[in-house]
Amino acid sequence: MESVIKLHNVSVSYLQSRKGIHSIKDFILKASFIAPFQKHRVLHHIDLDIKKGDSVGILGPNGSGKSTLLRTIAGIIHPEEGTLQTHVRISPLLALGAGIELELSGYENMRIALALSGNYSKATRTEMMEKVSDFAELTNEQLRMPTKMYSTGMLARLSFSSVMTANPELLMIDEVLAVGDRGFQKKCMNRIHEIIENGATLLFVSHSPGEVEEICKRGICLKDGKKIFDGTSTKAAVVYNKLFD
Amino acid sequence: MLGNRKYIIFFLIYKNLQLKYKHSALGFLWSLLHPFLYLLIFLTIFSHAFPSIQNYPLYVLSGLVFWIYFSGGTSALCLVFIKNAFLIKSFNIPKTFYPLTELGGELISFLLGLIPFMVIMYFMGLHITLNLLYLIPVILLFSIFIFSVGLILGSLNVFFRDVGILWNTINPAMFYLSPIAYPANMVPERFKFIVQYNPLYHFLKIIRNVFYDGTAPSLHYMVNCFVITTVTALIAFLIYRKIRNGFISNL
């Protein structure tokens, strides 16, 4: 199988304000004129080779770099060291509340999400809008409300549906399933399986080893920004569970 | 992907305009009310204060509409990265798109607002000549200047959240430091430098050349504005390039 994503020795650092300086006031009071920013390394020398059609679960404690890894692959963050090659159409990252403008209605948000995920003809877009509202199971009335009135679950439904209907080549999911109700979770799982069967590649961040085992064949475990395990999802779940023993 | 980008830019502008006037019954009319209110204040209170200015209403209005574009544009850009945090974190599109499209929206409102005000200006004695075409380069240059100032503010605001507060304080002060409602030669000689080192002074000169004098912009001030814009853009670019990679962790 051909590689669609290849990370070689990738390290990512964030620029952080030093000593908790978040305002000019702090900046002057704490007199750290020399270097207001410092680097904080979040991912250390990650090597990763993902083949077409792989379904990869990413497990790890909070703050271990899971979301950063997804964002790096999505091209939103640039690695400080190492090389990243992607040979796949990158679709928007699916994270909670990602890309949702709370002042706009569900329909308007949907239109934006579709616009950002690909260049479709007007007819296709109308068709996709219908599919999205069907999948999200949101009523016409709900979709006309500003999304700030939505519950967390409804927001997840909206963003999830917008990405899922776009037939992505690479699907990246960052802990969004947890907030939907049981029925919607099931529906999403089915859709994810469908997308994988159609040959798409999946990167799935979750805190539930069970879910990872269910959806993914391969599992990766991260801790403190380092890859500590890469193998089958069942073994990854064991490694993950051991972290908390 | 590139064809798609054009579409994304269009969409973000559309979104900005939609958001701007979404929850207001008067919508776009609000953006006209602001300069109009100020105009009325200046006309009633200061109309006899500056006898040296011929046609004071036109003098004020020509400065005022451009000032509002500047002040609104920079304030909007100051918040642009913070406001779009979710989008920045989830879509792989260049981060410069956000300020670009934000200013695009402001520019459209400004141009639309210019139409009724030019009608008013016509009755105030605006010369309708081909010289008005000089507005195109003037507005273009002014927009690049606003974009650069806004990019500096917006980038720094991600790390130091009080940059926005600071700008809201400086912004009105700059209004009074710029010769918008008063003539520049009124300023006492020893304080003249304050006016002359104000970039807006130079822009107001070329704006008034076109609107108030009905001539072409003076070459001297045009060059000044060009230099000011280039230097500001360069600074903006350097600051932005230095800290853009830190945006995501600080948003």
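Everything in this summary refers to the structure shown in the same document. (Residues numbered from 1 in each chain as written. Chains lettered and ligands numbered in written order. Predicted model: local features only at pLDDT ≥ 70, side-chain atom pairs only at ≥ 80, totals over all residues.)

### Comments concerning the pairing of strand S6 (residues 170-174) of chain A
Residues and elements named next belong to chain A.
- The buried fraction of S6 amounts to five of the five residues, a majority that puts the element mostly inside the structure.
- Residues of S6 alternate between two faces, with Leu 170, Met 172 and Asp 174 on one and Leu 171 and Ile 173 on the opposite face, all of them buried.
- The sheet contact formed by S6 and strand S7 (residues 201-205) spans five bridges and is parallel. Of the residues in S7, the one forming a bridge with Asp 174 is Val 205.
- Of the crossover connections in this fold, the one passing from S6 over helix H7 (residues 182-197) to the parallel S7 is right-handed. (Buried ≥ 20, exposed ≤ 12 C-beta atoms within 10 Å, placed from the backbone. Helix = DSSP H or I, 4+ residues; strand = E, 2+ residues; numbered from the N terminus. Pairing = 2+ DSSP bridges. Right-handed = clockwise from strand over helix to strand, strands pointing away.)

### Some thoughts on the pairing of S7 of chain A
- Counting buried positions along S7 of chain A gives five out of five residues, so the element sits mostly inside the fold.
- Covered by surrounding structure in S7 of chain A are Thr 201, Leu 203 and Val 205 of chain A together with Leu 202 and Phe 204 of chain A, the residues of both alternating faces.

### Structural notes on the packing of helix H6 (residues 135-159) of chain B against helix H10 (residues 219-243) of chain B
Residue and element names in this part refer to chain B.
- Contact geometry for H6 and H10: axes closest at 8 Å, N-to-C directions at 25 degrees. As judged from the angle between their axes, H6 and H10 are roughly parallel. Like other packed secondary-structure pairs, H6 and H10 cross with a definite hand, here left-handed. Between H6 and H10, the residues in contact are Leu 141, Ile 144, Phe 145, Ser 148, Val 149, Leu 151, Ile 152, Ser 155 and Phe 159 and Cys 225, Phe 226, Ile 228, Thr 229, Thr 232, Ala 233, Ile 235, Ala 236, Ile 239, Tyr 240 and Ile 243, respectively.
- For the contact of H6 with H10, a count of residues per class yields 16 nonpolar, four polar and no charged. (Axes fitted to C-alpha atoms, helices over the stretch in contact; angles between N-to-C directions. Parallel < 35°, antiparallel > 145°, perpendicular 65-115°, else oblique. Left-handed = near helix turned anticlockwise from the far one by under 90°. Contact = placed C-beta atoms within 7 Å. Nonpolar A, V, L, I, M, F, W, Y, C, P; charged D, E, K, R; others polar.)

### Regarding the nonpolar core
- Among the nonpolar cores identified, the biggest contains 124 residues, and Ile 58 and Phe 204 of chain A are the most heavily contacted of them.
- Among the elements that take part in this core, helix H3 (residues 56-83) of chain B stands out by supplying 17 residues, more than any other.
- If near-sequence neighbours (up to four positions away) are discounted, Ile 58 of chain A is found in contact with Lys 66, Leu 69, Leu 203, Phe 204, Val 205, Ile 220 and Leu 222 of chain A. (Core = buried A, V, L, I, M, F, W, Y, C linked by C-beta atoms within 7 Å.)

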